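If you want the building blocks of each chain, they are given just below.
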Amino acid sequence: SRNSKKDDVLVEVEMLSVDAFVRTMLDEQAYHGRVEIGGALPALGYGTVVGAGADAQSHIGKRVLGMVTASSHAVGPMSMSEGGFTQVLSIPGVPQRLSLSLLSFATGLAAYVGCFKVLKPPRAGETAVVSAAAGGVGSIAVQLLKTTGCRVVGVAGGPVKCEFLKKLGCDAAVDYKAGSFLGDLDVACPDGVNFFFDNAGGSTLDAVLDSLALHSRVVICGAASQYSGNLNAGRDAKGRGGDVQGPKTYLKLAERSSTMAGFNVMHYMTSLPGAIANLCWMHWRGKVVVHEQVEAGLDSFPAALEKMFSGGHCGKMLVDLSKKS
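Just so it is clear, the model here is predicted, and its values are computed rather than measured.

Visitor: Mind showing me how you'd approach the pattern of salt bridges here?
Guide: Think of it this way: side chains of opposite charge can pair up when their charged atoms draw near. One pass over the full model with this rule turns up nine salt bridges. As a salt-bridge pair, lysine 6 and aspartate 55 come within 3.9 Å of each other at their nearest N and O atoms. Remark: aspartate 55 occurs in the loop between β2 (44-52) and β3 (63-67) and lysine 6 occurs in the segment before β1 (8-17); sequence separation between them is 49 residues. In this structure, lysine 6 and aspartate 55 share a single accessibility class: exposed. Three or more residues joined by partner-sharing salt bridges are found here, namely Arg123, Glu126 and Arg217.

Below is the structure:
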């Protein structure tokens, strides 16, 4: 909790985003900041300012976005850099709820930066693979990569998600839970993998590294397979060591003269205005469609977070607080 100040606003939360980074914040040495026992779960969200301190009265009635936590109301300053809020962008033809998906740091902007700003993007005739491709980030990355003219192969868990990926536009979809996964990946990528957008890590990363073509690019966006227990387990006080799996096959990078790079979208701030403009343009043209799974009511947030890691959703997961569970 925090003491209210005269420049604080009170926000009535309307919509929450369910993002993978939230799970990492439940660990002792979390990169994004640790949630204390008994503390509120962190969550990006938006809502309407319904109250304000003496110096913030002009913000009453505005719809704002920020780290609101999984709660019905939130208090903070009108400054994202101070852990508070910023006014939701009002862009013609782009519903404001897309501020939590298409235009979110944790979703659409991460997908855009990973596809186009970290390493050389794929081109026509090449094959790109996206892991966790049926999730919020992955499903947007798939559509962005399709705009380059390359073949796009999505990796996801289970036949329902693979069918979703085919409807999304993937040239092939591979089920990492299937016993035939490695062979299926070879069939889907007969000439090897030229570009890999990785959200999963673990054994999926190993498999794709084994399939790299010459001069390939591997972009590490996340490692969802490692978030539930492995990410910070076994680390020392300086964050060294630990039980994270992989990559066992990293020497393929040398053998294939290939490059692997990770990124933090917050380190690409100068790229974000252009990213926002291009994402909106692609959305207007129907090139990027946001697929949402919306759960109802604040009480559904914990189950929604669990569903993210058990494979129970496709697209962007949201929790609508205006609806009762």
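Now, onward.
Visitor: When you look at the packing of helix α2 (residues 108-116) against helix α8 (residues 272-284) in this model, what are you seeing that I'm missing?
Guide: The description of two helices packed together rests on the angle between their axes and the distance between the axes. It is at 10 Å that the axes of α2 and α8 come closest, and there the two elements cross at 105°. One finds that α2 runs roughly perpendicular with respect to α8. Only Leu272, Gly274, Ala275, Ile276, Asn278, Leu279 and Met282 of α8 make contact with α2, whose side of the interface consists of Gly108, Leu109, Tyr112 and Val113. By residue class, the composition of the contact of α2 with α8 is eight nonpolar, three polar and no charged.

Visitor: Hey, could you run me through the sheet that holds strand β7 (residues 151-156) in this one?
Guide: Adjacent strands of a sheet pair through backbone hydrogen bonds, lying either parallel or antiparallel. Here six strands make up an open sheet; going across it, the order is β8-β7-β6-β9-β10-β11 and the pairing parallel. Strands at the two margins of the open sheet, each flanked by one partner only, are β8 (172-175) and β11 (259-262). Shown here is a sheet whose adjacent strand axes are inclined to one another by a mean of 15°, direction ignored. Summarising the sheet, strand β6 (residues 127-131) and strand β9 (residues 193-198) pair through three bridges and their orientation is parallel. What sits directly across from alanine 128, in β9, is phenylalanine 195.

Rules used in this analysis
- Here the residue numbers are simple positions, counted from 1 along each chain's written sequence.
- Predicted model: local features are reported for residues with pLDDT of at least 70 only, side-chain atom pairs are reported and counted for 80 or more only, and whole-chain, interface and lining totals are derived from all residues.
- Hydrogens and water are ignored here; the side-chain numbers use all heavy atoms of the structure.
- A pair is scored as a salt bridge if a Lys or Arg side-chain nitrogen falls within 4 Å of a carboxyl oxygen belonging to Asp or Glu.
- Secondary structure elements follow DSSP: runs of H or I no shorter than four residues count as helices, runs of E no shorter than two count as strands, and numbering proceeds from the N terminus.
- Exposure is judged per residue with a 1.4 Å probe applied to protein chains only, and the accessible area is read against the type maximum: over 50% gives exposed, under 20% gives buried, and values in between give partly exposed.
- Axis geometry follows a simple rule: fit a line to the C-alpha atoms, using only the stretch in contact for helices, then measure angles between N-to-C directions, giving values from 0 to 180 degrees.
- Angles are sorted into four bins: roughly parallel if under 35 degrees, roughly antiparallel if over 145, roughly perpendicular if 65 to 115, and oblique for all others.
- Should any heavy atoms of two residues lie within 4.5 Å, those residues are considered in contact.
- Residues are sorted three ways: Asp, Glu, Lys and Arg are charged, Ala, Val, Leu, Ile, Met, Phe, Trp, Tyr, Cys and Pro are nonpolar, and all the rest, Gly among them, are polar.
- Paired strands, as defined in this entry, are two strands with at least two bridges between them according to DSSP.

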